[in-house]
Amino acid sequence: MLQIMEGSHAVAEAVRLCRPEVVSAYPITPQTHIVERLAEMVADGDLDGEYICVESEFSALSSCIGASAAGSRVYSATTSQGLAFMAEVVFNAAGMRQPIIMTIANRALGAPLNIWNDQQDSLFLRDSGWMQFYAEDAQEATDLHFLAYKVAERHDILLPAFVCFDGFILSHTFEPVDIPTQEEIDAYLPAFNPYQRLDAKKPMSFGMYATPDYYQEFRYEINAAMTRAKDAIRETGKEFGEMFGRDYSGLVEGYRLEDADTAIVALGSICGTIKDAIDEMRDAGEKVGLLKIRSFRPFPAEEIKEALKGVSQVAVLEKNINIGSRMLGAVGLEVKDAVYKSGIPVYSYVGGLGGRDIRKKDIKQLVDWAREGRNDCFFGLREEVL
Amino acid sequence: MSCDEKTCEFFEPGHRACGGCGPALAARLITRATGENTIIVASTGCMEVFSTPYPETAWKTPWIHSLFQNAAAVASGVEASIKRQGRDEKVVVIAGDGATFDIGILCISGAFERGHDITYICYDNEAYMNTGIQRSGATPYDASTTTSPAGKYSTGNQRPKKDLPAILAAHGSPYVATTSIATPKDLMDKVTRAINTEGPCYIQVHTPCCTGWGFDGAKTMEIGKMALDCGLWANFEMVDGEIVKSRKVKRVPVEDYLKSQKRFRHLFKPQPNEAEIAKIQAIADRNAEKYGIDIKPKK
């Protein structure tokens, strides 16, 4: 049933339906409404789990590792500085192969201090071994939690995942969202069945140290699991589509790409604005399309190559900056690699940092710039301060 | 797995600790006391490195290590999870002094303030030992370490040991105790008491380190005993923040203890540094008063 809900509350509902046994989180804007709502659910008995009010993000994810290793399905949420504070644990959770799901309400990193949206926070952890999913709207943010748990907990995957949704733009905005019933989610997402757990009846050592004789093989295994996750996402996304009518079998999603000469590539909520801008440009006879990347890790290079094979140029809209790199954004760098052999030019345009608004006219400008071959630049800068 | 409590070992030989390692002995005594129904949470440190080189492990009970500073937070999650599952294992942290006094104190403070039913045991070898004997917040006054070296203008570490038992007692811990590997029965009794006390309990075990302190590994127990006898280490128990019991000693001057270890040898060369030795004696005297360890003469 469709309900008008704040994005954060839709995510909290999704988390409740996943039946986490332990929730551990520290409040930080703009993630706060998610954990406040989960705390209310626990207080009211609507969520039957332990809620740990930790003293920091560092302990939030650390306690998730402990709870997950002991055999519970666990959940956390954070953003920006909180995620940066957790960074050491982020790598460690993946290295220990704990299928922890964490919502990231994407927000800029300081300094200067800024609470508004961009995607620098999750993208800076792209090599941590976590899957990274990006939602366009509250519905997708909701649904990706069900998918994330299902993929993460598969015994052939066992990787943690970020479900990323844009801070404020999605977290604090009210939208119609279809929240499945508990029975429906129980049918889709089985109870947590840990591959192995801390148990006095069957003692095992977790998180040992590995010498040069063994360490490299652990990294190999994580990478192999991430590669396998592509098929796992396709399968579980298809299954979700069959059950709920919203198909997530693609790691990317095209919009009016079929005969496009120029493709825009983006992650997250900006894809909605891009679709509107494309509709207007299409009405004006311009052949423009969108390629939305839903899974940034694992990175779907084959799908991107396939989806972009007919275009003449690609404009990647980046809400992050890859400081000091030849290409300005982290997304553009990987898209360029995906289409490298085709020779299609890929341009990286950085904007929307720290919550700067991106409008349809900006999108149109990017398309013009890409057609002119203008490369790697910021858009929407306050030129008077340069 | 079941075994006779008196003979069963849960920390097995064949690990890679130095001969005469105090922490290894502590691990053996602790796990004898905690028994089979225990989950051990470790921090990065000497013990983790010498006892768990993949694919080997010396631990016969479930054991988890995540990072240097998060053992108390990991233990919080383990406890929440097993509570939720209705399981009854004891959750016991074993972490070194660097992980406890310094980098991990945020996580420990959080776990104690939240009141998790865990026992946190710090094996205190008074420096960062596995990375090359650097100073920690547990390093005693005037000890020479690689980051607090004695030199022309320094007599070694210039700060006293951080009073962690008092800090954790101030968190409302129902049971805080100190003990030593030199008093094995006391150690095991306190561990047993802590794991059977509901709430976050803290035990600090004095674990002489032959490599870091510079003494013959055959003398570990003897050095531990000397620390107790001179009052630089006191064995005591705090219940709900009050000291309720101390191990009484007929105290001897600190000199012999200092002379027994290379970390203090600068205090005696080329001649005894009377002023500094007096300061260390004053620390022992304050301990004696604070923890009530002196045997009072009979009237």
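Residues numbered from 1 in each chain as written. Chains lettered and ligands numbered in written order. Predicted model: local features only at pLDDT ≥ 70, side-chain atom pairs only at ≥ 80, totals over all residues. Heavy atoms only, no water.

**What about the sheet that holds strand β12 (residues 288–293) of chain A?**
All names here are of chain A. The mixed open sheet is built from 6 strands, whose spatial order is β10-β12-β11-β14-β15-β16. Edge positions in the sheet fall to β10 (252–255) and β16 (377–378), since each has one partner strand and no second. Direction of pairing for β10 relative to β12: antiparallel, over a ladder of 4 bridges. By the bridge assignment for β12, Gly-254 is matched with Leu-291. Packing against the sheet, helix α9 (residues 270–283) makes contact with β10, β11 (262–266), β12 and β14 (313–318), and its axis sits at approximately 165 degrees to β12. In the packing of helix α12 (residues 360–372) onto the sheet, contacts are made with β11, β12, β14, β15 (346–350) and β16, and the angle to β14 comes to roughly 140 degrees. (Pairing = 2+ DSSP bridges. Helix = DSSP H or I, 4+ residues; strand = E, 2+ residues; numbered from the N terminus. Contact = heavy atoms within 4.5 Å. Axes fitted to C-alpha atoms, helices over the stretch in contact; angles between N-to-C directions.)

**Observations regarding the sheet that holds strand β4 (residues 74–78) of chain A**
Residue and element names in this part refer to chain A. As summarised here, the arrangement of the 7 strands in space is β3-β2-β4-β5-β7-β6-β13, forming an open sheet in which the pairing is mixed. Because the sheet does not close on itself, it has two edges, and the strands there are β3 (50–53) and β13 (295–297). Ignoring which end each strand starts from, the neighbouring axes of this sheet average 20 degrees apart. Of the strand pairs in this sheet, strand β6 (residues 131–134) and strand β7 (residues 161–166) are connected by 4 bridges, and their pairing is parallel. Each residue of the ladder has a partner; that of Met-131, found in β7, is Ala-161. Each of β2 (22–25), β3, β4, β5 (101–106) and β7 is contacted by helix α2 (residues 32–43), which is oriented at about 130 degrees to β3, the strand it contacts most. Seen against the sheet, helix α4 (residues 80–95) touches β4, β5 and β7 and runs at an angle of roughly 140 degrees to β4.

**Looking at the UniProt feature "domain: Thiamine pyrophosphate enzyme TPP-binding" (unreviewed entry) in chain B**
As annotated by UniProt and renumbered to match this structure, "domain: Thiamine pyrophosphate enzyme TPP-binding" (unreviewed entry) occupies residues 44–205 of chain B. In residues 44–205 of chain B, helix accounts for 34% and strand for 19%; the two terminal C-alpha atoms are 17 Å from one another. (UniProt positions renumbered as here; feature names shortened; annotations may be inferred.)

**Remarks on the packing of helix α3 (residues 71–85) of chain B against helix α5 (residues 105–114) of chain B**
All names here are of chain B. Following both chains from N to C, one finds α3 and α5 inclined at 35 degrees, their axes separated by 7 Å at the closest point. Note on element contacts: α5 touches α3 through Cys-107, Ile-108, Ala-111 and Arg-114, opposite Ala-72, Ala-73 and Ser-76. Of the residues assigned to the contact of α3 with α5, the class counts are 5 nonpolar, 1 polar and 1 charged. (Nonpolar A, V, L, I, M, F, W, Y, C, P; charged D, E, K, R; others polar.)

**As for helix α7 (residues 184–195) of chain B**
Residues spaced three or four apart along an α-helix point in a common direction, a consequence of the helix completing one turn every 3.6 residues. Look at α7 of chain B: 17 Å from first C-alpha to last across 12 residues, which is about the 16 Å you get at 1.5 Å a residue. Looking at the packing, one finds that the buried side of α7 of chain B touches α1 (22–34), β3 (90–96), β4 (119–124), β7 (175–180), β8 (201–206) and β9 (236–239) of chain B. (Expected span 1.5 Å × (residues − 1).)

**So, the interface of chain B and chain A**
Every contact between the two is made by 42 residues of chain B and, on the other side, 40 residues of chain A. The contact between chain B and chain A buries some 3,200 Å² in all, and 61% of this surface belongs to carbon and sulfur atoms. Between Asp-48 of chain A and Arg-84 of chain B there is a salt bridge; the shortest N-O distance is 2.8 Å. Our count for the chain B to chain A interface comes out at 19 residue pairs in polar contact (both at pLDDT 80 or more). Mapped onto the side of chain B that touches chain A, the elements with two or more residues apiece are β1 (38–42), α2 (46–51), β2 (63–65), α3 and α5 of chain B. No other element matches the 11 residues that α3 of chain B contributes to the side of chain B that touches chain A. Split by residue class, the side of chain B that touches chain A holds 18 nonpolar, 15 polar and 9 charged. (Buried area = accessible area lost by both parts, 1.4 Å probe. Salt bridge = Lys/Arg side-chain N within 4 Å of Asp/Glu carboxyl O. Polar contact = N/O pair within 3.5 Å; in protein donor to acceptor, adjacent residues only side chain to side chain.)

**What to know about the nonpolar core**
Within the largest apolar cluster, 90 residues are counted, with the highest numbers of intra-cluster contacts made by Ile-304, Leu-308 and Val-335 of chain A. Sort the elements by how many residues they give to this core and α3 of chain B lands first, with 8 residues. Non-local contacts of Leu-308 of chain A, meaning those with residues more than four positions away in its chain, are made with Ala-263, Val-265, Leu-291, Val-314, Val-335, Val-339 and Ile-344 of chain A. Counting residues in hydrophobic clusters, the runner-up holds 55 residues, among them Ala-27, Tyr-123, Ala-177 and Ile-223 of chain B. (Core = buried A, V, L, I, M, F, W, Y, C linked by side-chain atoms within 4.5 Å. Buried < 20%, exposed > 50% of the residue type's maximum accessible area, 1.4 Å probe, protein only.)

**Quick look at unusual backbone geometry**
When glycine is set aside, most residues are seen to have a negative phi, and most peptide bonds are trans. Of note, the amide linkage connecting Gly-110 of chain A to Ala-111 of chain A takes the cis form, showing an omega dihedral of 0 degrees. Among the secondary structure elements, Ala-111 of chain A is positioned in the loop between β5 and α5 (120–123). Residue Pro-112 of chain A is reached from Ala-111 of chain A by a cis peptide bond, and omega for that bond is 0 degrees. Although it is not a glycine, Arg-256 of chain A sits at a positive phi angle of roughly 50 degrees. Backbone geometry at Glu-126 of chain B places phi at a positive 70 degrees, although glycine is not the residue there. Structurally, Glu-126 of chain B is set in the loop between β4 and β5 (150–151).

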